[in-house]
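Each chain, written out:
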Amino acid sequence: MTEPNLAVNLGGLAMKNPVTVASGTFAPGRTFLDFFDLSELGALTSKGVSIEPWAGNDAPRIAETAGGMLNCIGLQNPGVEGFCATYLKFMRSQGTPLIINVVGHGVQEYPQVIARLEQEEGISAYEVNISCPNVAEGGRTFAEDPAKAAEVTRLCRAETKKPLFLKLTPNVTDIGEIAKAVESEGADAVSLINTVVGMAIDAKRRKPVLSHVVGGLSGPAVKPIALAKVWAVHQAVQIPILGMGGIATGEDAVEFMLAGATAVAVGTASFINPTASVDVIKGIAAFCEAEGVKDVNDLIGALEV
Ligand SMILES: Cc1cc2nc3c(=O)[nH]c(=O)nc-3n(C[C@H](O)[C@H](O)[C@H](O)COP(=O)(O)O)c2cc1C
């Protein structure tokens, strides 16, 4: 059999294969150069970038759990000017499309970050992380409120013609409702899932393990939750989905594509195995070859129920 086609189009972003890295789990990627060429990835995704530098939370901010990990890093980043002066130059020299993840404390901060990034060369798409607390208006995350999710999308859409992805939280009752809200304001794709709220306790000390008490659960433990959310969003909207949550193998990625994802991101798995993202690319190709799938696009939403 000739090699299967792995190229996909994620809401206007052409990817030579359907695999990127999950925001915040890959740094700018420099440390991974010891293991593989970053141009092998379908796209490279940055950690969240805010308008001003964010310090992040105090340690301890990582805890290992059964089948996963909790983190409360707190979206630490050098701010958009610091990002442009340091990481961006390195990232755009890697020969792979660049997705910049954007975060904010209030609705107005997101479009400000995008407006600044629009002055830079080499950015292919934006992924807007609305799973952040709306500090300016009571602390609920934007991704829990369809009206706020829509407002952030509208403001960001006004700043850019580039592919705009909205990253959704699984910590809601009806994720389809949020996906519809961002689709209606011009999102080109949705990314999901962000981490699941979780907690770890040190019983002998009678203390929470994390400084922030609660954190975000990621890794294999969240994969079934992520698959169910991708499936739910696939029923709710027409725009493509970037699926993530516990993906560690090519077959995991194929499961997300069958549930409706056009592309996938590999996150926590890279902490255990630095070549996880490229292993997933090879695994998807091997699956297609073994199963006689000529075009990876034929897997998207092909779940038989
Ligand atoms: C240490 C860490 C930092 C993260 N930072 C971000 C971030 O800056 N922006 C964002 O949208 N998601 C962030 N995430 C969420 C991941 O991108 C991803 O949605 C989540 O971890 C689920 O995928 P995984 O199970 O493959 O890790 C972070 C996750 C981890 C573990």
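Reading the values: rules and limits
- Residues numbered from 1 in each chain as written.
- Predicted model: local features only at pLDDT ≥ 70, side-chain atom pairs only at ≥ 80, totals over all residues.
- Heavy atoms only, no water.
- Helix = DSSP H or I, 4+ residues; strand = E, 2+ residues; numbered from the N terminus.
- Rg over C-alpha atoms; globule rule 2.2 N^0.38 Å.
- Buried < 20%, exposed > 50% of the residue type's maximum accessible area, 1.4 Å probe, protein only.
- Contact = heavy atoms within 4.5 Å.
- Areas by Shrake-Rupley, 256 points an atom, 1.4 Å probe, with all protein chains shown as cover.
- Near = heavy atom within 4 Å.
- Polar contact = N/O pair within 3.5 Å; in protein donor to acceptor, adjacent residues only side chain to side chain.
- Nonpolar A, V, L, I, M, F, W, Y, C, P; charged D, E, K, R; others polar.
- Pairing = 2+ DSSP bridges.
- Axes fitted to C-alpha atoms, helices over the stretch in contact; angles between N-to-C directions.
- Right-handed = clockwise from strand over helix to strand, strands pointing away.
- Disulfide = S-S within 2.5 Å.
- Core = buried A, V, L, I, M, F, W, Y, C linked by side-chain atoms within 4.5 Å.

Draft legend 1. Quick look at the overall build of the protein chain. Secondary structure assignment for the protein chain yields nine helices and 16 strands. Computed over its C-alpha atoms, the radius of gyration of the protein chain comes to 18 Å, within 12% of the 19 Å expected for a compact globule of 305 residues. Here the protein chain holds 305 residues, and 53% of them are scored as buried. Of the contacts made within the protein chain by residues no fewer than 6 positions apart, 71% connect residues no fewer than 24 positions apart. Looking at the protein chain as shown, the accessible area adds up to about 12800 Å², and 52% of this sits on carbon and sulfur atoms.

Draft legend 2. Broad picture of the site of the ligand. Taken together, 23 residues lie around the ligand, and Ser-23, Lys-167, Gly-219, Gly-246 and Thr-268 are the ones closest in. A distance of 3.1 Å is found between an oxygen atom of the ligand and a side-chain nitrogen or oxygen belonging to Lys-47. Here the ligand, which alone exposes 600 Å², has 97% of that area covered by the protein. A breakdown of the residues in the shell around the ligand according to their chemical character gives six nonpolar, 15 polar and two charged.

Draft legend 3. Inspection of the sheet that holds strand β9 (residues 164–167) at higher detail. One open sheet accounts for eight strands, arranged β3-β16-β15-β10-β9-β8-β7-β4; its pairing is parallel. Where the open sheet ends on each side, the last strands, each with one partner, are β3 (19–21) and β4 (44–45). Sheet topology note: the β3/strand β16 (residues 263–266) ladder contains three bridges and is parallel. Bridge pairing links Val-19 to Val-264 in β16. Where helix α9 (residues 276–291) meets the sheet, its contacts fall on β3 and β16, and the angle it forms with β3 comes to roughly 170°.

Draft legend 4. Spotlight on the sheet that holds strand β14 (residues 214–218). Pairing in this open sheet of four strands is antiparallel, and the strands run β5-β6-β14-β11 from one edge to the other. The open sheet is flanked by β5 (62–65) and β11 (196–199), the only strands paired with a single partner. Averaged over neighbouring strand pairs, the angle between their axes works out to 40° when direction is ignored. The pairing of β11 with β14 spans four bridges and is antiparallel. Bridge pairing in β14 links Gly-198 to Gly-215.

Draft legend 5. Region of interest: the pairing of strand β8 (residues 125–129). In terms of burial, β8 is largely enclosed, as five of its five residues are buried. Side-chain alternation along β8 places Ala-125, Glu-127 and Asn-129 on one buried face and Tyr-126 and Val-128 on a second face that is also buried. A crossover connection joins strand β7 (residues 98–102) to the parallel β8 through helix α3 (residues 109–117); in handedness this β-α-β unit is right-handed. Relative to β9, β8 runs parallel, the two being bridged by four bridges. By the bridge assignment for β9, Glu-127 is matched with Phe-165. Read as a crossover between parallel neighbours, the route from β8 over helix α4 (residues 146–157) to β9 is right-handed.

Draft legend 6. Region of the structure containing the state of the cysteines. If you walk through the whole model with that rule in mind, you get zero disulfides. Left unpaired, Cys-84 is separated from the closest cysteine sulfur, that of Cys-156, by 16 Å.

Draft legend 7. Examining the nonpolar core more closely. Among the nonpolar cores identified, the biggest contains 98 residues, and Ile-100, Tyr-110, Leu-117, Val-128, Ile-130, Leu-168 and Leu-192 are the most heavily contacted of them. In terms of residue count, the dominant contributor to this core is α9 (seven residues). Among residues more than four places away in sequence, those in contact with Leu-117 are Val-80, Phe-83, Cys-84, Ile-100, Val-102, Ile-123 and Tyr-126.

Draft legend 8. Quick look at the side chain of Ser-270. One can find Ser-270 in helix α8 (residues 269–272). Here Ser-270 falls in the buried class, since its relative accessible area comes to 4%. Ser-270 has contacts with Thr-25, Phe-26, Phe-32 and Ala-276, leaving out every residue within four places of it along the chain.

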